[in-house]
Amino acid sequence: MSRRCRPASLKKIVDTLLSGLSSDIDEQRDVSCLALKAVASEMPVDLSHLSQILDNILTKLFAILTKSNPPIDAQLASELLHIITDIFTRFPDLLSSSNTLRSTCLTSLVTILTTSRTSIRKRAVPALSALVITNPLLFDDELRKQLSSGLKDNGESGSTWAAVLTSLARSADAGKVGEMISQGEIVDALLAQAANPEQNERVEGALTAVEVLILRCPTEITPYIPLILQRSLELVKYDPNYVELDEEDVDMEDEAEEDDYEDEAYLDDEDASWKVRRSAAKTLVAIIGTRIELLSQLYQSAASILISRFSEREESVRIEILTAMETLLKQTITGKNAELASAGRNKRKRSEEMDQDSAPEDNIIAHLKNCLPNLLRGILKQLSSKSNQTRQECFVLLRYVTDALDGGLVNDSSEICRAAVSVLTSAETSTTSSLSIAALSFLSTFFRHHSPRIYGNSLNDLVPAIERCMKEKLQRISFEAFTAASALAKSIHPLGTSSPSLANYSGSVKSLFKASTDVLADTTVDGEVRERALDTLGNLLVHEGDLFSDSYETCLPLISARLQTETTALTAVQVIGRIAESPLCKGPVFEDWLRAVLPEVVVALRRSRRASGKSAEFACLRNVLSRVGSTLSPDAATELINELQTSLDSPQALSIVALILSNQPACRPAVDSQILHQVYELIKTPALNPLLADALSAFFGAYVDGDPDGATRLVPTLIDNLGKSTAIPDASRGGTASYATTAKCIATVAEHAQGERAGVLSQLVKTISSSKSSEAPTYLALRSIGEIGRMSDLSDETGLFDRVLSFFTSDSEELRSAAAYAAGNIAVGSPDIFLPLISKNLNGASDETSRLLLLHALKECILHTRTSDLEVLADSLWTSLLESGTSTSKTSSKGTSASKELGDDGQRNVKAACIGKLTTTAPARFLPRLQELLRSTPQDRAIVAAAVRYTFIDTSSSYDELIAPLIVEFLSLMHDENLIVRRLSLASLNAAIQNKPHLIIDRLAALQPLLYAETVVRPELQREVTMGPFKLIEDEGLENRKTAYETMYTLLGTCFTKVDLPTFTDRVLAAIRDVNEVKVLGLMLLLRLGQLSPASVVPRLDDVTDAFRDIMKDVQVKDDTVKQDLERKGESTSDLQRRSNDGG
């Protein structure tokens, strides 16, 4: 009725219901309350006279709630407050427009919070929070002072205001709460409330508020973390009914004398101290989950106390304590992975140092090893607990310990294995599925990180237990059982190692083999379970295949049969590929089976419709063909060639054709008739995939190897394949891409047919020397000469280099570019002769065009020349690079914009690449010179910023010690006054983080503020531009922000332990509110950050709900909406849903 009736009628209904609330008859009062609740939730928001109706409802309800005599029933008060909360939430605009009503509501709620009974006060908290959330001005104007003073109250009022603070901090007002924290108005008062643990409810409320503040206001709460940590560790031990363990005595040597709370089954209904311990444990979980930078400190101060409380008598508290330990281990694994990532590539010396026992004091793995004995004792004790949830959490802890230490359970393996067997052989497996899954998941990790000598004595018990679970009806259990069996197979005999003790475990392995084949052969078993059995069988054959040679005739057909089923075909293909690669599977039966199954794999390749590609099928084919080798029959090879012709647009398919051609030359006629014409068409494909171009080159190499004399026929065919056009096609028709691919193929043909190389080169030289040659043939010849020159020494070709340089003055831009490419690559083949010539010409260049072309030639040569050859000429090249274009920089510096001030981008980038390469060639010589340029002109600083990036891209460790002290100085260009210099420096930081994180990680404290500063939107860099009827905002700072966020994404992958998570998270959330290009990066960052530190992200997702909503509405679908906008909306929506689901 309330949806459709007239305003006057609705007003009468509301008046009647309000009068019913004051009735002395309970039934009438309850019915009126329920009806009014329905009216409040269904009233239209656009109803006329709505403000009068709401004013009437709120006034009457608050009058009833604040009436002191007689006191209101608690249940009725709760319902009325629920109605008020609904009104605040549904009609925020009407409340905002009435200052009187808003003030009345606030005053009444504050009165209820200070005078009513406890149960009513608790229900008034969400009502007040809803009022403040929908009317933010109330927080600043009236509530802030009351909140600050209320928290200092020593009575129940203080606890009530702590609950109010908790509710506000969980809402969109977290930022304002953070301001109060920064001003010192909150945390001290909350810690004071938690001072007396005997006041259980008060302490619980205070710690709950602190927990929320840690999650929602991470930046502002940071200075208080040490105090909060200390207080939480004290309270988590608070148990007045038992003698507490001494804080120093945590070695658990007298374990037998400790109280086993669970066995004593202590019960005390009046003891509520567990609330204090549980809230303290939750606070510890929040600290551990969001403060990865404090890992070392947490191990020193918190780990031993958490372990000592594993025997907590209250299960809910015990689970929270185990969760805290689990979080600590998760953070340890994350930190370990970050340390490994930051150890640097090609850092052999560093790796050797890390392998030594002298681990640094702050190494988190060293801290874990120190507390490992006590930790395992505590876990083993709880594995005998009567609580399934406790035992499940213990197996989770064991799994994380094993992952973190890559083992570590040597001394206690027998007892742990017995506990796992006890769980898996329990008659109640179906009713304790989560426990069984946890145990199996642990065993998978355990086998992966331990050798058979550790658990060998327990295999007789473990294997039957795993087999029992493999046949379990519950899918999740059987899945984990097959995973554990696969891990066991890999552990017993890892590939590439000798295992003399394999015979000792052959019985267990054969038992797993039989169980896997039984499940795979059973047609009554679910298809997904049989797929897992297939994968396990494959792992057994790969790692212990020589044990089953007598069973090949029965087990191999089971694998082949799965190729016929579409749902298991992919797994079957992967298994076939793996066992074909295994050296342990051998013998005539196996070889015959491989040849027989090859056509079936090809059929699976043809049937595959996966959008992600067919890499598994191609990998399988390659492994099988490599194993079969020359025994592949000509007919089978020809059939394979025919099947592969439909997949030639894939690099893997072309490489397989080349492999077949090498193994079976008799299939060459099939290649000529079925493949070659398609290959020629592929060469002409615009914007060809570089991997496919490499595959084409490899194909022609294999083709010429079979007939070297055919090179003279093949090269003209490749040239004619491009057509008779005299001009190079424009970009809309593919441009020069097909010419570049053809040139690469011609060079490969010449390289593989050395006897014909001179003839091929002579033909190309003749083309560029003829005055009648048109643009297209000349371009192809120049590119081909460059490709050949990179592989061979062409210094004997008299006049060739000068002829190539003569094209620098051509009217065709494409010919000039090809000439620069050719000159640079000719110099690669003979740098001692041609590099000085390029440098000399560069110094004498009289125009910008020639200078730029010579720079490109120099870049080609420097980037592809051996370091030993470059060292001799490095000084002269350095001088040429810095002196070229000096006059231009002086004139261009008069420009006003950042880009004009720095001159030509093309020249700068080429110079930077060359200077970066020279710097890595002789770092001791050139790093000081780069350092001097930091105090030079903006143009030189831009070159330095870009050159440093190329220096970091070089993954060699030879110059790390020289550049390490200069990193902060070089990267301080992120604070340069020039916008482009800052962007180039950001790109250099990105390269350093990605390629040399070990040099960056200890300097992030100085670099992170500069990085985050570039993510801030700067209004002074934005300007409005009128384009016809439209007005657009041009943002010169956009590229800098994009580069900064890209750098932040890289930072997560290699230096996560040193990231300032609160500030980092703030900037990620800010990206969600930026323009579309930045939003995409923000969503990627949000997903990755949510995976690494969910405790930092999930509590703050409410802050970006409005931004998420805007993204979903970014493109309004109309009748005239274009396809591109629809696709963009679909991509944005699906991307956002993935991030939201992962965050949740």
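Each chain carries its own residue numbering, running from 1 in the direction its sequence is written. Local features are withheld for residues below a pLDDT of 70 in this predicted model, meaning they are given only at 70 or higher, and side-chain atom pairs are given and counted only at 80 or more; totals for whole chains, interfaces and linings count all residues. Each side-chain value is derived from all of the structure's non-hydrogen atoms; neither hydrogens nor water enter the calculation.

**What about the overall build of the protein chain?**
A run of H or I in DSSP becomes a helix once it reaches four residues, and a run of E becomes a strand once it reaches two; helices and strands are each numbered from the N terminus. For the protein chain, the helix and strand inventory stands at 61 helices and two strands. Across the 1144 residues in the protein chain, those meeting the buried criterion constitute 53%. Residue burial is assigned from relative accessible area. The probe radius is 1.4 Å, only protein chains are included, and a residue is buried under 20% of its type maximum, exposed over 50%, and partly exposed in between.

**Considering the packing of helix α42 (residues 813-829) against helix α43 (residues 831-843)**
Helix axes are fitted to C-alpha atoms over the stretch in contact, other axes to C-alpha atoms as well, and angles between N-to-C directions run from 0 to 180 degrees. Their axes nearest at 6 Å, the elements α42 and α43 cross at an angle of 145°. Facing A823, G824, I826, A827, V828 and G829 of α42, the residues of α43 in contact are P831, F834, L835 and I838. Looking at side-chain class alone, the contact of α42 with α43 contains eight nonpolar, two polar and no charged residues. In this analysis, two residues are considered to be in contact whenever any of their non-hydrogen atoms come within 4.5 Å of each other. Gly counts as polar in this scheme, as do all residues outside two lists: the nonpolar Ala, Val, Leu, Ile, Met, Phe, Trp, Tyr, Cys and Pro, and the charged Asp, Glu, Lys and Arg.

**Here's the deal with the packing of aromatic side chains**
The geometry of an aromatic ring pair comes down to the distance between the two centres and the angle between the two planes. Ring pairs shown here join Phe, Tyr and Trp side chains whose ring centres sit within 6.5 Å, with only the six-membered ring taken for Trp; geometry is labelled stacked below 30 degrees between planes, edge-to-face above 60, and tilted in between. Under the defined criterion, the tally for this structure stands at 15 aromatic pairs. Throughout this description, the term charge over a ring refers to an Arg CZ or Lys NZ atom that lies within 6 Å of the ring centre and within 35 degrees of the ring normal. Its end group placed over the ring of Y400, R399 keeps NZ or CZ at 4.9 Å from the ring centre. When the ring centre of Y703 is taken as origin, the NZ or CZ atom of R668, which lies over that ring, is 3.8 Å away.

**What to know about the pairing of strand β2 (residues 1030-1035)**
In summary, the side chains of a regular strand alternate between the two faces of the sheet. Judged from the six bridges that link them, strand β1 (residues 1022-1027) and β2 form a sheet pairing that is antiparallel. Bridging from a neighbouring strand, T1026 pairs with K1031 of β2. In this analysis, strands are considered paired if DSSP registers two or more bridges between them. Taken together, β1 and the strand that follows it, β2, pair antiparallel across an intervening segment of two residues, in which G1028 is found at a positive phi of about 65°.

**Here's the deal with the nonpolar core**
Core analysis: the largest hydrophobic core is formed by 374 residues, its most contacted members being F395 and L541. The element that contributes the greatest number of residues to this core is helix α26 (residues 475-492), accounting for 10 residues. When residues no more than four places from it in sequence are discounted, the contact partners of L541 are F513, F548, Y552, C555, L556, I559, I579, S582 and C585. Residues enter a nonpolar core if they are buried and are Ala, Val, Leu, Ile, Met, Phe, Trp, Tyr or Cys, with the set joined through side-chain atoms within 4.5 Å.

**Some details on the confidence of the model for the protein chain**
Looking at the protein chain as a whole, its pLDDT mean stands at 85, while 89% of the residues score no less than 70. Residue range residues 344-361 is modelled with pLDDT below 50. Its contacts to residues more than four positions away, or to other chains, number 17 contacts. On a scale of 0 to 100, pLDDT captures the predictor's confidence in every residue. Across residues 887-896, confidence stays below pLDDT 50; counting only partners more than four residues off in sequence or on other chains, it has eight contacts.

**Concerning the pattern of salt bridges**
Definition used for salt bridges: Asp or Glu carboxyl oxygen within 4 Å of a side-chain nitrogen of Lys or Arg. Considering all chains together, one arrives at 46 salt bridges under this definition. With its nearest N and O atoms 2.5 Å apart, the salt bridge here joins D26 to R29. Remark: R29 and D26 occur in helix α2 (residues 26-42); sequence separation between them is three residues, near one turn of the helix. A salt bridge links K724 to D720; the shortest N-O distance between them is 3.6 Å. For K724, a relative accessible area of 72% corresponds to the exposed category. Where salt bridges share partners, they join D239, R277, R309, E312 and R313 into one cluster.

**With respect to a negative patch on the surface**
A surface patch of like charges, here negative, comprises D793, D796, E797 and D832. Checked against the element boundaries, E797 lands in the loop between α40 (775-791) and α41 (800-805). To count toward a patch, a residue needs a relative accessible area above 30% and no salt bridge. Like charges then connect within 9 Å, nonpolar side chains (Val, Leu, Ile, Met, Phe, Trp, Tyr) within 5 Å. Here the Shrake-Rupley method, with its probe set to 1.4 Å, supplies the accessible areas, and only the displayed protein chains count as covering residues. His is not counted, nor are the chain ends; Lys and Arg add positive charge and Asp and Glu add negative charge. Every charge is mapped to an atom, namely NZ of Lys, CZ of Arg, CG of Asp or CD of Glu.

**Some words on helix α6 (residues 99-115)**
To estimate the expected span of a helix, subtract one from its residue number and multiply by 1.5 Å. For α6, with 17 residues, the first-to-last C-alpha span of 24 Å sits near the 24 Å given by 1.5 Å per residue. Of the residues making up α6, those classed as buried are L101, R102, C105, L106, S108, L109, V110, I112 and L113.

**Quick notes on the side chain of T283**
Looking at where T283 falls in the secondary structure, it is placed in helix α16 (residues 273-290). Filtering out sequence-adjacent residues up to four positions away, T283 remains in contact with L207, V210, E211, I214, I228 and S232.

**Brief notes about the environment of L328**
For L328, the location among the structural elements is in helix α18 (residues 315-342). In sequence terms L328 and L284 are 44 residues apart; their C-alpha atoms lie 9.7 Å from each other. Once residues lying within four places of it in the same chain are set aside, the contact partners of L328 are I288, L295, L298, Y299 and A303.

**Structural notes on the side chain of K336**
Positionally, K336 belongs in helix α18. N or O atoms closer than or at 3.5 Å make up a polar contact, with two conditions inside protein: a donor-capable atom paired with an acceptor-capable one, and, for residues adjacent in sequence, both atoms drawn from side chains. Of note is the side chain of K336, whose polar atom sits 3.4 Å from the side chain of D406. What K336 contacts, discounting residues up to four positions off in sequence, is I364, I365, D403, A404 and D406.

**Things to note about the environment of F970**
Position of F970 among the secondary structure elements: in helix α52 (residues 967-971). Looking at F970, the relative accessible area reads 3%, which means it is buried. Along the chain, F970 and L930 lie 40 residues apart, while their C-alpha atoms are 8.7 Å from each other. Sequence-distant contacts of F970, that is, excluding residues within four places in its chain, are made with L927, L930, Q931, L934, V944, V948, I963 and S985.

**Points about α2**
It helps to recall that an α-helix has 3.6 residues per turn; residues three or four apart then point in one direction. For α2, which comprises 17 residues, the first-to-last C-alpha distance of 25 Å matches the rise-based estimate of 24 Å (1.5 Å per residue) to within 8%. Where the residues of α2 are buried, they touch α1 (7-21), α3 (50-65) and α4 (74-90).

**As for unusual backbone geometry**
The phi angle at D406 is positive, at roughly 55°, despite the residue not being glycine. Turning to its location among the elements, D406 is positioned in the loop between α21 (388-405) and α22 (413-424). On the basis of relative accessible area, D406 is assigned to the partly exposed category, the value being 45%.

**Some details on the packing of helix α36 (residues 690-705) against helix α38 (residues 737-752)**
Put simply, α36 and α38 touch, their axes get as near as 9 Å, and they point 30° apart. Relative to α38, α36 is oriented roughly parallel. Note that α36 runs across α38; the crossing there is right-handed. On α38, the residues touching A693, D694, L696, S697, F700, G701, V704 and D705 of α36 are T741, K744, C745, T748, V749 and H752. Considering only residue class, the contact of α36 with α38 consists of six nonpolar, five polar and three charged. Note on angle classes: values under 35 degrees are labelled roughly parallel, values over 145 roughly antiparallel, values of 65 to 115 roughly perpendicular, and the remainder oblique. Definitions for this section: a left-handed crossing has its near helix turned counterclockwise from the far helix by less than a right angle. A right-handed crossing has that turn clockwise.

**Quick notes on a nonpolar patch on the surface**
Taken together, M1027, F1030 and L1032 make up a surface patch of nonpolar side chains, about 320 Å² in accessible area. Mapped onto the elements, F1030 comes out in strand β2.

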